[in-house]
Amino acid sequence: MSGQDTFPMTPLDQMVSSESLQILKAAVPYAPPSARKLLSVFAKFQEFKTALSLFPDSGSLSAMSVETPEVSSFEMLEEIRRFALGRSKENIESLISALSTLQIFQAMQQEESESIKKDPEECSGREEG
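Owing to the predicted nature of the structure, the values given are computational and were not obtained by experimental measurement. (Residues numbered from 1 in each chain as written. Predicted model: local features only at pLDDT ≥ 70, side-chain atom pairs only at ≥ 80, totals over all residues. Heavy atoms only, no water.)

Peer 1: Please provide a residue-by-residue account of helix 5 (residues 86-118), values included.
Peer 2: For helix 5, built from 33 residues, the straight-helix expectation of 48 Å at 1.5 Å per residue is met to within 8% by its first-to-last C-alpha distance of 48 Å. Residues of helix 5 that are buried: Ile 92, Ile 96 and Leu 99. Elements in contact with the buried residues of helix 5: helix 4 (73-81). (Helix = DSSP H or I, 4+ residues; strand = E, 2+ residues; numbered from the N terminus. Expected span 1.5 Å × (residues − 1). Buried < 20%, exposed > 50% of the residue type's maximum accessible area, 1.4 Å probe, protein only. Contact = heavy atoms within 4.5 Å.)

Peer 1: Summarise the nonpolar core; cite the residues concerned and give the values.
Peer 2: A general trend in soluble globular proteins is that nonpolar side chains are found buried together. Counting residues in hydrophobic clusters, the biggest one holds 5 residues: Leu 77, Ala 84, Ile 92, Ile 96 and Leu 99. With 3 residues, the single largest contributor to this core is helix 5. The residues contacting Ile 92, other than those within four sequence positions of it, are Leu 77, Ile 80, Arg 81 and Ala 84. (Core = buried A, V, L, I, M, F, W, Y, C linked by side-chain atoms within 4.5 Å.)

Peer 1: If you had to explain a nonpolar patch on the surface to someone new, which residues and values would you point to?
Peer 2: Taken together, the side chains of Leu 12, Met 15, Leu 54 and Phe 55 present a nonpolar region at the surface, about 370 Å² in accessible area. Within the secondary structure, Leu 12 sits in helix 1 (residues 11-16). Judged by its relative accessible area of 42%, Leu 12 is partly exposed. (Patch = residues over 30% accessible without salt bridge, like charges linked within 9 Å, V, L, I, M, F, W, Y side chains within 5 Å. Areas by Shrake-Rupley, 256 points an atom, 1.4 Å probe, with all protein chains shown as cover. Salt bridge = Lys/Arg side-chain N within 4 Å of Asp/Glu carboxyl O.)

Have a look at this one:
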């Protein structure tokens, strides 16, 4: 795999992985062919088991659960973009650009509506002229 085809580790991967699992996964291609499948499945099972323990049933510990911070669509897309390549990355960048443009228009509309509330006579004069 070339350097351009590698993906950074996602936050979920960081939460479910450990140094020993990374070492195990790095060793899989060098293991005897008969052991590769078993080692791969074992590593993924360990990650699966860890993932299950990270996200307990929502009803059982709701009082003790950590609140997830509110993240804007823009922030989410910026984060996801780091893990995309090629056409997927281009599509995400297009969405980010469109969202930025939308935010500018919304800010302009809000500014205009605030100025109308401050001086309604000035706005009515604008309509006549």
